[in-house]
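Spelled out, the chains give:
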Amino acid sequence: MGTRSRSQTRCANRRPEFETFEPRQLLSVSFGTPREVTTVDRAQAIVVSDFDRDGYADIAMAHSDRSAVTVLFGDSAARYQRRTSILTYGLPLDITARDYTGDGFVDLAVVSLGAADATDFRLEVFESLERTGRFTRSFIPVELPLGGASTTFFGMASDDLGPDGDYDIVTLYNDALGIQVNDGEGGFLQEEDDDDDTEPVLPQPTEGDVVYDFDPTADPTLGINVEGRDVLAFFQTRFDETQIVIVGEQATDRDRGVFLLLRPFPIVIQPGEVDPDAGSEFYREYEVGAFVDLPWSPQAVDFGDVNRDGFYDFAIVSETEDAIAVVVDNGAGLFDVQYVTLGDRTGGNDIKMVDFDNDGDSDIVVATDDALLVYTNFGGGVFGPPDELELEHPIDRIAAVDLDFDGSLDVAGISDADDSLTLITVKIDENDIIRGVTPGSGVSSALRPGNTAQASARNTDGDPLVFYGSVRSGFSVANASNESASGTVATDPASFVDPKDGYGYATAASTTGVLLFRDDGSIDARDLAAEAGISETFTQVVPIVGADKLVRIAALTQGGDVYLFEQTGGAFQLGWIWAVRNLSQTDLVISDTPTPEFVGRIIGYGTSWNGLNIAGLDAEGAIQAIWWAPGLDNWRADNLSAITGADPFVGGLTAYLTPWDGINL
């Protein structure tokens with residue numbers, strides 16, 4: 001394309017050449033034939049993970065008619081021909097899968113109910129014995145003394161509540177919220193109630209208000225009667241804290257529901273108390289951070305990100321009504337609610353949020369008594385009518401994940417009325433996928449707030465072009481070099497969105513250094529290398545957006561050194577403040593790991609735990625990585641192919657992370 005201004009381009013053509021690479025067709029969803037796997041006994045809880053670390057997804061189920069958990073071990077074709085049975089203290093009510101012992105293998109936590117006493121709740125952790133597929137109980141079952149004859153268990157979840165690096169456990173009852181603290185070795189300290197009252201005391205919501213301070217003395221008669229079965233614990237990086245979400249029925253009106261977000265405030269554990277890290281912060285007290293009223297009784301809840309803004313959103317299915325509530329975090333600690341129909345059905349059984357079409361935002365899967373419903377997210381949390389698969393029998397609980405790593409979503413469902421596991425594949429017609437352009441063609445893309453897409457590429461003159469817009473508003477294009485007077489770029493630009501300000505950015509190497517383009521309505525440019533007084537010839541640049549919301553740019557020089565341009569978090573008139581250092585001459589020297597000799601394109605990616613990675617191939621086809629993780633003083637380099645024994649690769653690399661934080665190259 002030529003050198004027309006942005007306004008000229010917008011008026012001349014709202015659908016530029018970029019349109020030819022992305023025909024806007026809706027996804028065509030179909031379902032594979034349901035496959036039944038005999039489980040011998042009925043099950044009431046299900047979780048998926050890779051327990052034996054063979055690279056394939058395994059399924060664990062808590063049985064509803066005997067004191068046992070069964071683990072089915074998968075293979076490359078999602079066949080479950082190998083299994084093991086784990087005897088539990090009592091009837092297993094719920095299970096979670098985490099690495100509780102810190103040995104790198106996923107363990108199982110189970111809450112059981114004793115046969116002799118209806119209030120005898122016990123917590124057990126079964127440690128996975130490396131790659132054997134066997135489990136052993138790591139400690140004597142912990143009694144959960146929450147007691148009364150009317151106590152009912154509803155669910156459990158697990159995350160690092162410290163945060164001290166260890167997975168803790170949250171248990172939810174009709175009259176209490178329990179927190180079990182991991183001692184770091186898979187043992188759990190005695191439970192702490194969230195309040196001394198018999199039920200969590202909450203302020204009464206008023207019209208227009210959704211956020212409250214927790215004041216148990218305001219009105220001790222107000223509370224929540226938790227009849228839903230879900231409790232969630234999750235790590236919210238925006239507040240650098242672990243929050244707990246409870247969904248249940250309101251105590252004052254059993255036909256209405258409530259969405260509660262509990263935020264912790266830290267207390268300092270003094271020396272001599274039970275915590276092994278005496279003097280460190282530990283979250284033990286919680287306050288109400290958000291309160292959302294629901295017009296019906298909820299059945300199940302899950303969380304994801306419907307608009308790719310980095311904040312957790314929630315989907316809640318009704319127990320008795322034809323509705324799903326999508327609760328969206330608006331970025332200010334408040335929540336907006338929109339409703340989606342179940343297709344004239346009277347409630348659902350379970351709900352999951354998962355990105356089954358791989359477009360970066362969460363879609364929704366719902367199990368009902370007679371159907372499996374899949375809702376495609378068209379962007380920004382806009383859901384159309386569901387694709388439906390009729391079921392021969394009800395499914396009560398589901399897990400949604402790609403079990404055989406073939407790129408298609410699989411749904412594993414269990415029923416308390418049937419002794420089989422149902423496996424269903426959700427397929428997407430490849431002819432109808434919204435087509436993107438592969439990184440190897442020199443196009444980079446990102447999603448900006450408001451469901452606005454951005455892509456960057458070079459034209460035949462070598463100028464960096466920035467495409468921006470949406471399906472609804474049309475696309476426009478700007479010549480970044482012309483608008484910013486930045487000079488000639490030497491590499492393909494790479495797009496990213498800075499989560500701190502929501503602006504679209506692109507970075508590229510130029511004849512003078514490392515250019516950073518910002519699009520905040522007009523495009524401006526900075527030369528980060530020139531600002532730092534660095535005179536190098538750079539051949540590649542890749543952005544890395546960390547979980548801490550700081551952006552790094554890795555830049556490869558003609559001589560093979562790797563520079564890291566890194567935001568400090570501060571800002572001034574020109575934008576964010578950047579620091580820079582030569583990793584090849586600093587960190588990698590200190591860590592005694594030489595800089596890899598990359599051949600071809602390098603990639604950069606960040607993990608949910610703020611691990612930062614630069615990877616590429618060398619001349620031998622080996623995957624080389626330069627990486628840093630929290631707790632390390634310096635970056636280091638490793639030959640991943642040598643470590644894993646992988647055969648040589650050809651072409652280029654791409655990276656993706658699984659829902660359970662597995663890294664795949």
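Reading the values: the criteria
The written sequence of each chain sets the order in which its residues are numbered from 1. At least 70 in pLDDT is required for a residue's local features to be given in this predicted model, at least 80 for side-chain atom pairs to be given and counted, and no such filter applies to totals for whole chains, interfaces and linings, which use all residues. To obtain the side-chain values, all non-hydrogen atoms of the structure were used and water was disregarded. Here a strand is any run of E in DSSP of at least two residues, a helix any run of H or I of at least four, and the numbering for each starts at the N terminus. The cut-offs for exposure are 20% and 50% of the maximum accessible area for each residue type, with area from a 1.4 Å probe on protein chains only; residues under the lower value are buried, those over the upper are exposed, and the others partly exposed. The contact criterion used is simple: two residues touch if any of their non-hydrogen atoms lie within 4.5 Å. Only the protein chains shown count as cover for residues, with accessible areas throughout obtained via the Shrake-Rupley method and a probe of 1.4 Å. Following DSSP output, two strands are said to pair if at least two bridges run between them. Angles shown run from 0 to 180 degrees and are taken between the N-to-C directions of axes, each axis being a line fitted to C-alpha atoms and, for helices, limited to the stretch in contact. As used in this record, nonpolar core signifies buried Ala, Val, Leu, Ile, Met, Phe, Trp, Tyr and Cys residues forming a set joined through side-chain atoms within 4.5 Å. By convention, a stacked pair of Phe, Tyr or Trp rings (six-membered ring in the case of Trp) has centres within 6.5 Å and planes under 30 degrees apart, an edge-to-face pair has planes over 60 apart, and any other such pair is tilted. As a reminder, the over-ring test applies to NZ of lysine and CZ of arginine, requiring each to be within 6 Å of the ring centre and within 35 degrees of the ring normal. In what follows, salt bridge is the name for a side-chain nitrogen of Lys or Arg lying within 4 Å of a carboxyl oxygen of Asp or Glu. The pLDDT score gives, residue by residue, the confidence of the prediction method on a 0 to 100 scale. Polar contacts here mean pairs of N or O atoms no more than 3.5 Å apart (in protein, one a potential hydrogen donor and the other a potential acceptor; neighbouring residues in sequence count only if both atoms are side-chain atoms). Patch membership is restricted to residues that have no salt bridge and whose relative accessible area is over 30%. Joining uses 9 Å for like charges and 5 Å for the nonpolar side chains Val, Leu, Ile, Met, Phe, Trp and Tyr.

Q: So what exactly am I meant to see when it comes to the overall build of the chain here?
A: Tallying secondary structure elements over the chain gives 5 helices and 48 strands in all. Counting over 665 residues, the chain shows a buried share of 54%. Intrachain contacts of the chain at a sequence separation of at least 6 include 48% that bridge at least 24 residues. Accessible surface, the chain as shown: approximately 28,200 Å² in total, 48% of it carbon and sulfur.

Q: How do you make sense of the sheet that holds strand β42 (residues 575-582) when you look at a structure like this?
A: Note: strands within a sheet are paired through backbone hydrogen bonds, in either parallel or antiparallel orientation. Judged by pairing direction, the sheet is antiparallel, and its 4 strands sit side by side in the order β39-β40-β41-β42 without closing on themselves. The outermost strands of the open sheet, each flanked by one partner alone, are β39 (538-545) and β42. In this sheet, neighbouring strand axes are inclined to one another by 25 degrees on average, regardless of whether the strands run parallel or antiparallel. With 7 bridges joining them, β39 and strand β40 (residues 551-557) adopt antiparallel strand pairing. Looking at the pairing, F538 lines up with T557 of β40.

Q: How should the sheet that holds strand β23 (residues 335-340) be read in this particular structure?
A: The strand order across the open sheet built from 4 strands is β20-β21-β22-β23, with neighbouring strands paired in antiparallel fashion. What marks the edges here is a single partner per strand, and that holds for β20 (298-304) and β23. Neighbour-to-neighbour, the strand axes of this sheet turn through a mean angle of 20 degrees, independent of strand direction. By the bridge criterion, 4 bridges tie strand β21 (residues 313-318) to strand β22 (residues 324-329) in an arrangement that is antiparallel. Bridge assignment links A315 to a residue of β22, and that residue is V326.

Q: Is there a simple way to think about the nonpolar core in this case?
A: The tendency in soluble globular proteins is for nonpolar side chains to be buried as a group. Ranked by size, the top nonpolar core spans 18 residues in total, and within it F31, V365, L372, L409, V411 and V426 carry the most contacts. For this core, the secondary-structure elements that each account for two or more residues are β1 (29-31), β25 (363-367), β26 (371-375), β28 (397-401), β29 (409-414) and β30 (420-428). Here this core takes 3 residues from β30, the largest share from any one element. Once you skip the residues sitting within four places of it in the chain, L409 turns out to touch V354, F356, V365, A400, V401, I424, T425 and V426.

Q: Can you help me understand the environment of V69 in this one?
A: In this structure, V69 sits in strand β5 (residues 68-73). Residue classification places V69 among the buried residues on the basis of a relative accessible area of 1%. Separated by 23 residues in the primary sequence, V69 and P92 have C-alpha atoms spaced 7.2 Å apart. Contacts of V69, omitting those with residues within four sequence positions, involve A60, M61, A62, H63, T84, S85, I86, T88, P92, I95, L108 and V110.

Q: Sorry, what's going on with the packing of aromatic side chains here?
A: Aromatic rings in a pair are described by how distant their centres are and how their planes are angled relative to each other. Here the structure, examined in full by the defined rule, presents 10 aromatic pairs. Grouped by ring-pair contacts, the aromatic residues F259, F303, Y312, F314 and F335 constitute a single cluster. Looking at R82, its charged tip hangs above the ring of F73, at a distance of 4.3 Å from the centre. If you follow K500 out to its NZ or CZ, it ends over the ring of W576, 4.7 Å from the centre.

Q: Explanation requested: the pattern of salt bridges in the structure shown.
A: Here the idea is simple: oppositely charged side chains can pair when their charged atoms come close. Tallied over the full model, the rule gives 17 salt bridges. Residue R66 pairs with D41 through a salt bridge whose shortest N-O separation is 2.4 Å. Of this pair, R66 sits in the loop between β4 (58-63) and β5 while D41 is found in the loop between β2 (35-38) and β3 (43-49), placing the two residues 25 residues apart along the sequence. Residue R66 is classed as partly exposed on the basis of its relative accessible area, which comes to 28%. As a salt-bridge pair, D159 and R98 come within 3.8 Å of each other at their nearest N and O atoms. Placement of D159 in strand β12 (residues 153-159) and of R98 in strand β7 (residues 91-98) is noted, with a sequence separation of 61 residues between them. Each of D548, R552, E566, R581 and D587 takes part in a single network of salt bridges with overlapping partners.

Q: Is there a simple way to explain unusual backbone geometry in this structure?
A: A negative phi holds for most residues other than glycine; trans holds for most peptide bonds. For R308, which is not glycine, the phi dihedral falls at a positive 55 degrees. Residue placement: R308 occurs in the loop between β20 and β21. You can call R308 partly exposed: its relative accessible area is 33%. You will see that D592, though not glycine, has its phi angle at about 55 degrees, which is positive.

Q: Please explain the confidence of the model for the chain as it appears in this structure.
A: The predicted coordinates should not be examined in detail at positions where pLDDT is low. Looking at the chain as a whole, its pLDDT mean stands at 75, while 72% of the residues score no less than 70. Scored below 50 in pLDDT, residues 430-441 makes 22 contacts in the model with residues more than four places away or belonging to other chains. The low-confidence segment residues 470-476, where pLDDT is below 50, has 22 contacts with residues more than four positions distant or belonging to other chains.

Q: Whenever I open this one, the environment of L373 confuses me. Can you help?
A: With respect to the helices and strands, the residue L373 is situated in strand β26. With a relative accessible area of 0%, L373 lands in the buried category. Separated by 13 residues in the primary sequence, L373 and P386 have C-alpha atoms spaced 5.7 Å apart. Discounting residues that sit within four places of it in the chain, L373 has contacts with L342, R345, I364, V365, V366, T368, P386, D387 and E388.

Q: What exactly am I supposed to notice about the side chain of T70 here?
A: Turning to its location among the elements, T70 is positioned in strand β5. On the basis of relative accessibility, which here comes to 5%, the residue T70 falls in the buried class. At 2.6 Å, the side chain of T70 and the side chain of H63 are in polar contact. Excluding residues within four positions of it along the chain, T70 makes contact with I59, A60, M61, H63, R83, T84 and S85.

Q: I would appreciate a short explanation of the side chain of D75 in the present structure.
A: Topologically, D75 is positioned in the loop between β5 and β6 (82-87). Of the residues examined, D75 reaches a relative accessible area of 18% and is grouped as buried. At 2.8 Å, the side chain of D75 and the backbone nitrogen of R79 are in polar contact.

Q: What exactly am I supposed to notice about a nonpolar patch on the surface here?
A: A cluster of nonpolar side chains, contributed by F572, L574 and I577, occupies part of the molecular surface with about 260 Å² of accessible area. Along the polypeptide, I577 turns up in strand β42. According to the relative accessible area criterion, I577 is partly exposed, its value standing at 32%.

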